[in-house]
Amino acid sequence: MNLWKLVTTLFLSFILFSFQPASAIMPPTKTTILVFGDSLSAAYGIPVEKGWVNLLQEKLGENFHVANASISGETTSGGLNRLLPSLSAIKPHYVIIELGANDGLQGKSVKEIQANLEQMIKLATAESVKVILLGIRLPPNYGASYTEQFDKIYKDLAEQYKLPFVPFLLEGVATDFNLMQADGLHPTAEAQPKILEHLWPILEPVLVDVLKK
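Because the structure is a prediction, the values reported are computed rather than measured. (Residues numbered from 1 in each chain as written. Predicted model: local features only at pLDDT ≥ 70, side-chain atom pairs only at ≥ 80, totals over all residues. Heavy atoms only, no water.)

**Topic: the pattern of salt bridges**
Stage number 1. Per the counting criterion, the structure on display carries three salt bridges.
Stage number 2. Among the ionic pairs, K152 bridges to D156, the shortest N-O distance being 2.7 Å. Placement of the pair is K152 and D156 together in helix α7 (residues 144-161), with a separation of four residues, close to one helical turn.
Stage number 3. For K152, a relative accessible area of 47% puts it in the partly exposed group.
Stage number 4. By relative accessible area, which is 22% here, D156 ends up partly exposed. (Salt bridge = Lys/Arg side-chain N within 4 Å of Asp/Glu carboxyl O. Helix = DSSP H or I, 4+ residues; strand = E, 2+ residues; numbered from the N terminus. Buried < 20%, exposed > 50% of the residue type's maximum accessible area, 1.4 Å probe, protein only.)

**Quick word on the confidence of the model for the chain**
When pLDDT drops low, the exact placement of atoms in the prediction is not to be read closely.
Stage number 1. Counting all residues, the mean pLDDT for the chain is 89, and 86% of those residues have values of 70 or more.
Stage number 2. The model gives residues 3-28 a pLDDT under 50, and that stretch makes five contacts with residues more than four places away or in other chains. (pLDDT = per-residue confidence, 0-100. Contact = heavy atoms within 4.5 Å.)

**Description of the nonpolar core**
Stage number 1. Of all hydrophobic cores here, the largest spans 59 residues; its most connected members are W52, L56, I96, L117, I136 and L170.
Stage number 2. Setting aside chain neighbours within four positions, we find I136 in contact with L40, G100, A101, F150, D151, Y154, P167, F168, L169 and L170. (Core = buried A, V, L, I, M, F, W, Y, C linked by side-chain atoms within 4.5 Å.)

**A word on the packing of aromatic side chains**
Stage number 1. All told, the structure shown has two aromatic pairs when counted by the stated rule.
Stage number 2. Taken together, a centroid distance of 5.6 Å and an interplanar angle of 70° make the contact between F150 and Y154 edge-to-face. Here F150 pairs with Y154, and both are found in helix α7, just four residues apart, close to one helical turn.
Stage number 3. Assessed through its relative accessible area of 0%, F150 is described here as buried.
Stage number 4. By way of ring pairs, the aromatic residues Y146, F150 and Y154 are connected into one cluster.
Stage number 5. Note that K59 overlies the ring of W200, its terminal NZ or CZ placed 4.8 Å from the centroid. (Phe/Tyr/Trp six-rings, centres within 6.5 Å; stacked < 30°, edge-to-face > 60°. Lys NZ or Arg CZ within 6 Å of the ring centre and 35° of its normal.)

Right under this line is the structure:
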């Protein structure tokens, strides 16, 4: 290629690039929220589109992307193993951590549960991802001492790391027989809007700047 052809090619390339739509050069980005939980967030036993996570996506609209990496049966140790790869793949701005119920139902050590959750919080914050923590409560038949220590895990971590925090995901739902599935552990499709309504007062202030755009 001689000098004149090179100059002509570069000039035409510049003209074509200059008139590309902005979206082709720099695709619009969305605020991404990663929901990282167990069956309570994975819409166990109901259509996925009726789960509170999908309802959250509908409520937030097109400026947000809500990625659900929740797995039924997940524990805090399993979540800890999965979190960093999930953060790397999804690159969220926020992560909603909802784990611990299965650990509690299995009677695992409170110290182990807390250590796993704390490590997840540290991993997320190290990646500049803002953490929102959702707590869960165990049935009373697990004993007052264990259930009190279990509840305290979430409160202590939220205070220590100054996290937006919901003490009990199923507040107002778990005690209503009509809103729970036959197993008594998982909420029905009808309960999902109530779950989101319960979460919204915590989520909205965190996302307020983005919601105004």
